[in-house]
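What the coordinates show
These are the residues of each chain, in order.
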Amino acid sequence: MTNRPIRVVQWATGGVGVAAIQGVLAHPDLELVGCWVHSDAKHGKDVGELIGAEPLGVTATTSMDDVLAMDADCVVYAPLVPDDDQVAALLRSGKNVVTPVGWIYPNPDRVVAIEAACREGGTTLHGTGIHPGGITERFPLMVSSLSASVTHVRAEEFSDIRTYNAPDVVRHVMGFGGTPEEAYASPMAGLLSGGFKASVRMVVAEMGFGSGTEVRTTQEVAVASAPIDTPIGVIEPGRVAARRFRWDALVDGEPVVTAAVNWLMGEEDLDPGWSFGPEGERFEVEVTGDPTVSLTFKGLQPESVAAGLVRNPGVVSTANHCVSSIPYVVRAEPGVRTYLHLPLIAGRAAPHLGLRDGAGA
């Protein structure tokens, strides 16, 4: 590492994007130098205004050409839906890319153009996040080293989706508040499957489960049994108020690696009567073997619905996992790089507790 900060551009300023900007500002090795925004209303504004902070002297732009021309080392690419052509152009321009929206463990045949862009730009692409991401791959693989003769690996989320402050996505993409038929026909399973199947396949491959393992996708819904007041409006009886998705890698028909999500509009008035169980909202990682080892992650969900609508720790953690990886990605060899290619990724001390010039052992 040189003494020069790593120059970072933020792409998109949704929930993850805003949290990523905050993470960059708090990271002693990083400097925010640019920001791409989708909305014309945000174009030309100081990024500090967009995140509710003091002016930063960095101006948001809707122009991709502006971003390509910037002197920057890395882009945190966080749109709602990824675009291969955009990512390839960023990589060719000499900018590394860290993203929570894809490329976690891609099929090599599907990233030929991306790999070529990395070679041309001398750059690296890293897909990361939380779930899919660290909860789904890095932590299960880490924990699995404590067990022998592993028969099953599970990573699972239990969350109150009322705390996710993206009402249009919750209603129109996730399918909450619609009919069960509409939910099953919604794009949500397809949008999720790309990342979760990749996570499952990474664990399958790294742990040596049977080659050619099938990954099965299943989903369930629960409906409101009485009107439920939510941030997206009242969910009427018979309308979708909870969803479950599950991805199982099968060997001889038996699950060996599982990723799952349970999203509920609270625990009241659901049919079937789903709940989070006695441990409440959480993420779980469990490795069944000799011995069986389990981890429960708390703190990635907000303390209340109201708190989550202001700042959701799961969204912040997703952004932080991206931001923390930037120094390691910038130093990595060009190409698509997963967790398996990078060293241990660590966060950084709070600025007031960090090393000062001339300090250290």
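That block above? That's the structure.
Rules and cut-offs
Residues numbered from 1 in each chain as written. Predicted model: local features only at pLDDT ≥ 70, side-chain atom pairs only at ≥ 80, totals over all residues. Heavy atoms only, no water. Core = buried A, V, L, I, M, F, W, Y, C linked by side-chain atoms within 4.5 Å. Buried < 20%, exposed > 50% of the residue type's maximum accessible area, 1.4 Å probe, protein only. Helix = DSSP H or I, 4+ residues; strand = E, 2+ residues; numbered from the N terminus. Contact = heavy atoms within 4.5 Å. Pairing = 2+ DSSP bridges. Axes fitted to C-alpha atoms, helices over the stretch in contact; angles between N-to-C directions. Parallel < 35°, antiparallel > 145°, perpendicular 65-115°, else oblique. Left-handed = near helix turned anticlockwise from the far one by under 90°. Nonpolar A, V, L, I, M, F, W, Y, C, P; charged D, E, K, R; others polar.

This next bit is on the nonpolar core. F176, W247, V257 and W263 are the most contacted members of the largest nonpolar core, which totals 49 residues. Of all the secondary-structure elements, those providing two or more residues to this core are α6 (138-144), β7 (148-160), α7 (167-173), α9 (188-207), β8 (214-224), β11 (240-251) and β12 (254-264). For this core, the element with the most residues is α9, which contributes 8 residues. Among residues more than four places away in sequence, those in contact with W247 are L192, S193, F196, K197, V200, V215, R216, T217, V257, T258, A259 and V261. In terms of nonpolar packing, the next biggest core, distinct from the first, is built from 27 residues, V8, A19, I21 and C35 among them.

In this section: the sheet that holds strand β14 (residues 282-290). Pairing is mixed in the open sheet, where 7 strands are placed in the order β13-β8-β11-β12-β7-β14-β15. With one partner strand each, in any of the chains shown, β13 (270-271) and β15 (293-297) form the two edges of the open sheet. Two strands pair when backbone bridges link them, and β8 and β13 are joined in this way by 2 bridges, in the antiparallel orientation. Paired with V223 across the strands is D271, a residue of β13. Along the sheet face, α9 touches β7, β8, β11 and β12 and points at about 30° away from the line of β11.

Helix α11 (residues 313-331) packs onto helix α1 (residues 15-26) with a crossing angle of 50° between their chain directions and a minimal axis gap of 8 Å. By the angle between their axes, α1 is oblique relative to α11. By crossing handedness, the relation of α1 to α11 is classed as right-handed. Contact residues: G15, V16, A19, A20, G23 and V24 in α1; V315, V316, T318, A319, N320 and V323 in α11. Considered class by class, the residues forming the contact of α1 with α11 number 8 nonpolar, 4 polar and no charged.

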